[in-house]
Structure formats: C-alpha cells, structure tokens
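# Architecture at a glance
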Amino acid sequence: MRQSSLVVVANRLPLDDSAAPDGACEWRRSPGGLASALHAILQQTPATWVGWAGGVGTAPTLPDIGSLRLRPMALSEQELRGYYEGFANSTLWPLYHDAVEQPIFHRGWWETYRDVNRRFAEHAAEVVEPGGVLWVQDYHLQLVPDLLRRLRPDVLIGFFLHVPFPPPELFMQLPRRNELLRGMLGADLVGFQRPQAAHNVAQLAVKLLGARVTANDQITLDGRTVRTGAFPVSIDVAEMQALAARPDVRDRAQQLRADLGRPRRVLLSVDRLDYTKGIEHRLTAYSELLHDGRVKVRDTVMVQVTVPSRERVENYRVLRDRIEGEVGRINGEYGRVGEPAIHYLNQPFDRAELAALYQTADVMVVTPLRDGMNLVAKEYVAARADASGALVLSEFTGCAAELPDAFLVNPHDVDGLKETLLRAMEADPADLERRMAAMRAHLSSHDIVTWARAYLTSLDRTGRVAARLRR
Ligand code: F6P
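Every value quoted in this text rests on a predicted model; they were computed, and no experiment measured them.

For the rest of this paragraph, the subject is the overall build of the protein chain. Counting its regular elements, the protein chain contains 16 helices and 17 strands. For 471 residues, the compact-globule estimate of 2.2 N^0.38 gives 23 Å, and the C-alpha radius of gyration of the protein chain, at 22 Å, lies within 12% of that figure. Dimensions along the principal axes, computed over C-alpha positions, put the protein chain at roughly 65 × 45 × 45 Å. Evaluated residue by residue, the protein chain yields a buried proportion of 48% over its 471 residues.

Given below as structure tokens:
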C-alpha cells in the first residue's frame, strides 16, 4: 500500500455518491463545512484522505484529486445506523450543541461507534509514512487519536474538533465519557474553534482522568503532554471572491432579484436543515414582523434555503415537517398570488448559484442556537465585493468572536431578533459599508490556508508540513 507523509482522517471524503435521476451513480461535493474547508487546501497537496464516500456496502474506487489520494472506507447498513446516525449524530451532536435536542444514549450505538473508529484507525495507520503526520477530524472519530497512538507511536497525531465542545456538566452526562475524553487526548495537539472548548476539556481531564493542567490548558496525562489550542476554521476566500466576480454569477444575481419581484430588500438564510440552526426561531420572528405590519410582503422578501441533511434521522425528519408546516402557514397568511412571504428551497445548492444568492441578499440572517463556526456567514462576507449588505449573526456561532461588526443577536430572544432584523434592514448605508469593510479585512487575512498552516505549524513546530500546502 502506498504511504503518504500527511494523512487526513475524516468521516466524509470530499466526494459524496448520490444517485443521478437515471439511477446512475454521480459524484458531487460533500455537504457541510468540514469537507469544503479541507478540500480547498488539500486538492493540490501530496496527501491521503481516509473517509466515507456516502452510501452503504463496498467502498467505491475513487480517482485521485490532483496529488490528493482518496481512500474510501465502507460502512454497512448497521454501521451507518449505529455509528453515523446513532452515536455521532443522535448522541454526540445534540449533546455538543447545548442539548438543544435531547441526546439519546444507546449502548448498541456505542459499540458500533468504537468498532468503526477502530477500523478508521487501522486503515489510517497503514497509509501513513514512518514519522509522518496524521490529522484526525471531528466528533465522529474521537477515539481514533488514542487508537492510532497505540498502532503508530512513531507519527505525529493531530485532532481538530469542528463543532463546539460542551460545558463539563453536559459532557458529564455521557455514559462513556472517560473513553471519549481519553480517545481525543491520544493526539499531540487537540485543536478547537474557540478557547473555551480547551478550558472545558482541561477541566474534564483533571476531574475524570486525574490529569495535570497548566494555566494555558496544556494537559499532562500518563507522563505525556497534550497541547491544546483554538484555531478558528475559515473558508476559501479567493474561491468565493472569484465566483462572485464572474460575469455569469453577477447576471444571475440580477435575474434572481427580478424573479423575486424587485423588492426593496431581500433577506437570505442558508442552512443545512438542522435543529441547531435556529430556523424555527427565525421563522417565528419573521412571521411576527409580518403580523405586526413592520415588514410588508411586497417591500421585503425572505429566501430560506435549507440543504437536506441526515434525512434518515428521526429528529431531522420531524424538523423538516415542522419547518415546512410553518413556511406554509406564513405564506398562507401573509403571501399574495405570485408574492410569497418566504421563498423556501429545500435542495442542495451549486456554489455559483449560492454566490449569486449572496449578492442578491441585502440582509444575510445567520442565527444558529449553537454552531462551532458557521462558514455561511464568512462566505456571505467574501461575496460582498462592494462592501454593501448586512450580516445578522447569532452570538452562539464560533465566528461571532471574529466578526464583531455583524449585527450580533441572541436567537432565543425573539423580540431581540425582531429588533435586530429591523435595525439591519434600516441601517445607514455608510454604517453598513464600514461594518462590511471591517469584516472583509479580517477575512482576507484569516482564510482556510491560514487556518491549516497555523494548526499544522503548531502540531509539528517546524512549519515543514504547512509549507507543502497550496499557497
Ligand atoms: O460541522 C459538523 C459536521 O458534522 C461536519 O463534519 C460536516 O461538514 C457537516 O457537519 C455535515 O454533516 P454530515 O457529514 O453529517 O452531512
């Protein structure tokens, strides 16, 4: 088996198999921020990416992407249910997002999660060169760092958590909390989106594992030091800027505005259809603004894009029904013939079409109840070349700390959300320009390559691995 000096291990590969209308297999870019972020930096880097390509049964054969080798892992139907839909997305996902939905603890899922983590670790251990770097991603694979340390003590192991790490009192609810914590602490460097996550892990390491910690959250466990740190992930800023500058995308943005009836203001939200995204709170706020007569349908249009996600998981199916019921109710009460109050689109979106939508939107509304980072907010900022447009942003996203010039809001406070939406809609163009220019300046020096370089340099302390990344 060919080996690489840099191996990324993530639940998903950057390509996802989806059935074309004629039933043939078609490959498309995987949903979600993690795959997009890593794909952007690795496609021209000599590396191997170990992950799942969607679907069940035998692993497909996938072509390399430039110098990036893809190594697909197969998942059986039982593994998909227990590992991905079960322990990862019905236990850890809700728990790590403030338990905004009730986490489900199921012993069978845990066993499958542990077995699948072991298989990922074994596969990754085979494809890394002696002395190489293994970079493990996210909550699906939290046991992998410790398993890898046993299999390959000669390599450097990194772990990055893309989602929030919960406060200790929530993590303590997990029946297998010690194993999960020890699993991640098998890494040499554990990276998070926000510094608070590292404090939480350090506190838990002391309490549950008897570790020693320093004031800056470095953890000594079993005679070994595990470094921790915050590395806020970002987007491929240049890609979004280039898309937004394309003449066909600009024409499309004009066309979209015309199709929406040339309203005075367009509000836009783009989310994976997920209960953490605060879609229902947002719809309530918007519906009340219509009810109160503070927003008029002819004058203002809202576009809500939801990208289908985890559709076999009960909570996600129920949420979709609730959202669609609510959109139907709002349109039924406030829409007119040919003038819906909300344009609702539940489908995957092409990158160019997204860039056009971002240009059409006067107000981008990003109001998750909890989000590790939220890359949609950053994409909107990158797409606004003329520095116009307003970003309404939840305080509970990782990017709120980086984008203080957004209109920050607590999405649980419906009255506050209504007022903030109105403030953003009515803001003085000069104020909007100042805010947007500040956010764009931040983003221009904090893109996805900066993130990966910062993390990898901190991991190997030499910058040797980071130097191989795309410029
Ligand atoms: O951001 C968390 C995450 O699980 C990522 O790993 C992924 O990019 C995204 O959500 C999409 O989720 P899924 O892989 O379950 O479709």
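After that view of the structure, there is still more to cover.
Moving on to the domain arrangement of the protein chain. By a widespread convention, an interface's size corresponds to the accessible area lost as its parts come together. Taken domain by domain, the protein chain holds domain 1 (4-233 + 449-469) and domain 2 (238-444). On a C-alpha basis, the centres of domain 1 and domain 2 stand 30 Å from each other. Residue assignment for the side of domain 1 that touches domain 2 shows that the elements contributing at least two residues are helix H1 (33-42) and helix H2 (77-96). Residue contributions to the side of domain 1 that touches domain 2 peak at 3 residues, all from H2. Within the side of domain 1 that touches domain 2, the residues separate by chemical class into 7 nonpolar, 7 polar and 4 charged.

So, about the packing of helix H9 (residues 247-259) against helix H12 (residues 351-360). As a packed pair, H9 and H12 sit with axes 8 Å apart at the nearest point and diverge in direction by 55 degrees. Between H9 and H12, the angle is such that the two are oblique. The handedness of the crossing between H9 and H12 is right-handed. Two secondary-structure elements touch here, H9 through Val249, Arg250, Arg252, Ala253, Leu256 and Arg257 and H12 through Ala352, Ala355, Ala356, Leu357, Gln359 and Thr360. Of the residues assigned to the contact of H9 with H12, the class counts are 7 nonpolar, 2 polar and 3 charged.

Residues other than glycine seldom take positive phi values, yet Ala99 does so here, at roughly 50 degrees. One can find Ala99 in the loop between H2 and helix H3 (107-127). At Asp217, a residue that is not glycine, the phi angle is positive and equals roughly 65 degrees. If you trace the backbone, Asp217 turns up in the loop between strand S9 (212-213) and strand S10 (219-221).

Another point: the sheet that holds strand S13 (residues 300-307). Spatial strand order, S14-S13-S12-S15-S16-S17: 6 strands in an open sheet with parallel pairing. Looking along the sheet, the strands with just one partner apiece sit at the ends: strand S14 (342-346) and strand S17 (407-409). Each strand of the sheet is rotated relative to its neighbour by a mean of 15 degrees, with strand direction disregarded. For strand S15 (residues 363-366) and strand S16 (residues 390-394), the ladder comprises 4 bridges, and the chain directions are parallel. Along S16, the bridge assignment pairs Met364 with Leu391.

A separate point is helix H16 (residues 448-460). Along its 13 residues, H16 runs 18 Å from first to last C-alpha, staying within 8% of the 18 Å computed at 1.5 Å per residue. On its buried face, H16 sits against H1, strand S6 (128-137), strand S7 (156-160) and strand S8 (189-192). Following H16 by one or two positions, Arg461 adopts a phi angle in the positive range, close to 60 degrees.

Attention shifts here to the environment of Arg150. Turning to its location among the elements, Arg150 is positioned in helix H4 (residues 144-151). Linking Arg150 and Gly186, residues 36 residues apart in sequence, is a C-alpha distance of 8.9 Å.

What follows deals with the nonpolar core. Counting residues in hydrophobic clusters, the biggest one holds 146 residues, and the most contacted among them are Val9, Leu134, Leu391, Val392 and Leu393. The element that contributes the greatest number of residues to this core is H2, accounting for 8 residues. Formed jointly, this core draws a minimum of three residues from each of two domains, domain 1 (4-233 + 449-469) and domain 2 (238-444). Sequence-distant contacts of Val392, defined by excluding residues within four places in its chain, comprise Val363, Met364, Val365, Val366, Thr367, Ala406, Phe407, Val409, Thr420, Leu421 and Ala424.

Turning to the sheet that holds S6, a few remarks are in order. The 9 strands lie next to each other as S5-S4-S1-S6-S7-S8-S11-S10-S9, forming an open sheet whose pairing is mixed. The outermost strands of the open sheet, each flanked by one partner alone, are strand S5 (68-73) and S9. Bridge analysis of S7 against S8 gives 3 bridges, and the strand direction is parallel. Residue Gly158 lies in a different strand from S8, and its bridge partner there is Leu189. Strands in contact with H4 are strand S1 (4-12), S6 and S7; relative to S7, the strand with the most contacts, it is inclined by about 175 degrees. Sheet contacts for H16: S6, S7, S8 and strand S11 (224-230); angle to S7, the most-contacted strand, approximately 140 degrees.

For the protein chain, per-residue confidence averages 94 on the pLDDT scale, and 97% of positions sit at 70 or higher. With pTM at 0.96, the complex prediction returns an ipTM value of 0.94.

This part covers the packing of helix H8 (residues 237-245) against helix H13 (residues 375-383). Following both chains from N to C, one finds H8 and H13 inclined at 50 degrees, their axes separated by 8 Å at the closest point. One finds that H8 runs oblique with respect to H13. The chirality of how H8 crosses H13 is right-handed. Together, Val237, Met240, Gln241 and Ala244 of H8 and Glu379, Ala382 and Ala383 of H13 make up the contact between the two elements. For the contact of H8 with H13, the residue count by class is 5 nonpolar, 1 polar and 1 charged.

The next thing to look at is the environment of Asp350. Among the secondary structure elements, Asp350 is positioned in the loop between S14 and H12. For Asp350, a count of 11 C-beta atoms within 10 Å puts it in the exposed group. Separated by 321 residues in the primary sequence, Asp350 and Arg29 have C-alpha atoms spaced 9.4 Å apart.

What counts, and at which threshold
- Residues numbered from 1 in each chain as written.
- Predicted model: local features only at pLDDT ≥ 70, side-chain atom pairs only at ≥ 80, totals over all residues.
- Helix = DSSP H or I, 4+ residues; strand = E, 2+ residues; numbered from the N terminus.
- Rg over C-alpha atoms; globule rule 2.2 N^0.38 Å.
- Buried ≥ 20, exposed ≤ 12 C-beta atoms within 10 Å, placed from the backbone.
- Domains from an automatic or database assignment.
- Nonpolar A, V, L, I, M, F, W, Y, C, P; charged D, E, K, R; others polar.
- Axes fitted to C-alpha atoms, helices over the stretch in contact; angles between N-to-C directions.
- Parallel < 35°, antiparallel > 145°, perpendicular 65-115°, else oblique.
- Left-handed = near helix turned anticlockwise from the far one by under 90°.
- Contact = placed C-beta atoms within 7 Å.
- Pairing = 2+ DSSP bridges.
- Expected span 1.5 Å × (residues − 1).
- Core = buried A, V, L, I, M, F, W, Y, C linked by C-beta atoms within 7 Å.
- pLDDT = per-residue confidence, 0-100.

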